[in-house]
Amino acid sequence: EHMAGWGIDEIEVSLPQLPFAELPAVSRSDRIRMEQDARHRNARYVAAILEHGAFCTKVKQKRALERRHVDVHYALGRNIGPLFDQMWMAMERPNVVVTQVIFPAAEVEWRAFSRFCKALTEAGHALRGASNTLDVTALHPHLPWGDTPKAARRLFRRSPQPTLQWVRRDALDAEPCY
């Protein structure tokens, strides 16, 4: 993958590939509607599942303080550069604790999506020379869950659409609720 202009040409890092097929071109108006729908569905998920269920009161507090950023990534091509841009912005904005990147229309199995999110984050840290600045969680509508405490956590990670979530490590250390 071509990374010229990023000042990282001399660094050797294995770059992950998107785990789903390239999405079809859509009109500008359809893309805007898709993005609005993705944001609306995400907001309902956060409000109904995380906030209303009192899963974590700090989620509501942080959202009220606008310490959360949501982006929608409609993958027209195979270029993952815009995802690194999102990650690096998340690393550089200490006032934003949670960054979510929603992948509308992406048909991807949850395990493959989880592996991709982890590999992307590891590559992004390596390219920036940063170590564990962000913690990553893959949210997915088909994530299985069970009756053990650890497996039940997955229930709260069943988002309406595949979503990559980064949380700043310094926030995790200061407020372990994330």
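One structure accompanies this document, and this report is about it. All figures in this text were calculated on a predicted structure; none of them were measured in a lab. (Residues numbered from 1 in each chain as written. Predicted model: local features only at pLDDT ≥ 70, side-chain atom pairs only at ≥ 80, totals over all residues. Heavy atoms only, no water.)

**A closer look at the sheet that holds strand β1 (residues 68-72)**
So, step 1. Reading across from one edge, β1-β2-β4-β3 is the order of the 4 strands in this open sheet, with mixed pairing throughout. Each edge of the open sheet carries a strand with a single partner, namely β1 and β3 (134-139). Averaged over all neighbouring strand pairs, the angle between strand axes comes to 15 degrees, with direction disregarded.
So, step 2. As paired elements, β1 and strand β2 (residues 98-102) share 5 bridges and run parallel to each other. Bridge pairing links Val70 to Gln100 in β2.
So, step 3. Each of β1, β2, β3 and β4 (163-168) touches helix α3 (residues 81-92); the most contacted strand, β4, lies at about 25 degrees to it. (Pairing = 2+ DSSP bridges. Helix = DSSP H or I, 4+ residues; strand = E, 2+ residues; numbered from the N terminus. Axes fitted to C-alpha atoms, helices over the stretch in contact; angles between N-to-C directions. Contact = heavy atoms within 4.5 Å.)

**Observations regarding unusual backbone geometry**
Residues apart from glycine generally show negative phi values, whereas peptide bonds are mostly found in trans.
So, step 1. Despite not being glycine, Ala105 has its phi angle at roughly 70 degrees, a positive value.
So, step 2. By secondary structure assignment, the location of Ala105 is in the loop between β2 and α4 (110-128).
So, step 3. On the basis of relative accessibility, which here comes to 44%, the residue Ala105 falls in the partly exposed class. (Buried < 20%, exposed > 50% of the residue type's maximum accessible area, 1.4 Å probe, protein only.)

**Remarks on the pattern of salt bridges**
So, step 1. Counted according to the given criterion, the structure contains 7 salt bridges.
So, step 2. With a closest N to O distance of 2.6 Å, Glu92 and Arg128 form a salt bridge. Remark: Arg128 occurs in helix α4 and Glu92 occurs in helix α3; sequence separation between them is 36 residues.
So, step 3. As a salt-bridge pair, Glu109 and Arg111 come within 2.9 Å of each other at their nearest N and O atoms.
So, step 4. According to the relative accessible area criterion, Arg111 is partly exposed, its value standing at 45%. (Salt bridge = Lys/Arg side-chain N within 4 Å of Asp/Glu carboxyl O.)

**Examining the pairing of β2**
So, step 1. With 5 of its 5 residues buried, β2 lies for the most part within the structure.
So, step 2. Of the two faces of β2, the one lined by Val98, Gln100 and Ile102 and the one lined by Thr99 and Val101 are each fully buried.
So, step 3. Crossover handedness for the path β1 to α3 to β2: right-handed. (Right-handed = clockwise from strand over helix to strand, strands pointing away.)

**So, α3**
So, step 1. Along its 12 residues, α3 runs 17 Å from first to last C-alpha, staying within 8% of the 16 Å computed at 1.5 Å per residue.
So, step 2. Listed in full, the buried residues belonging to α3 are Gly81, Leu83, Phe84, Gln86, Met87, Trp88, Ala90 and Met91. (Expected span 1.5 Å × (residues − 1).)

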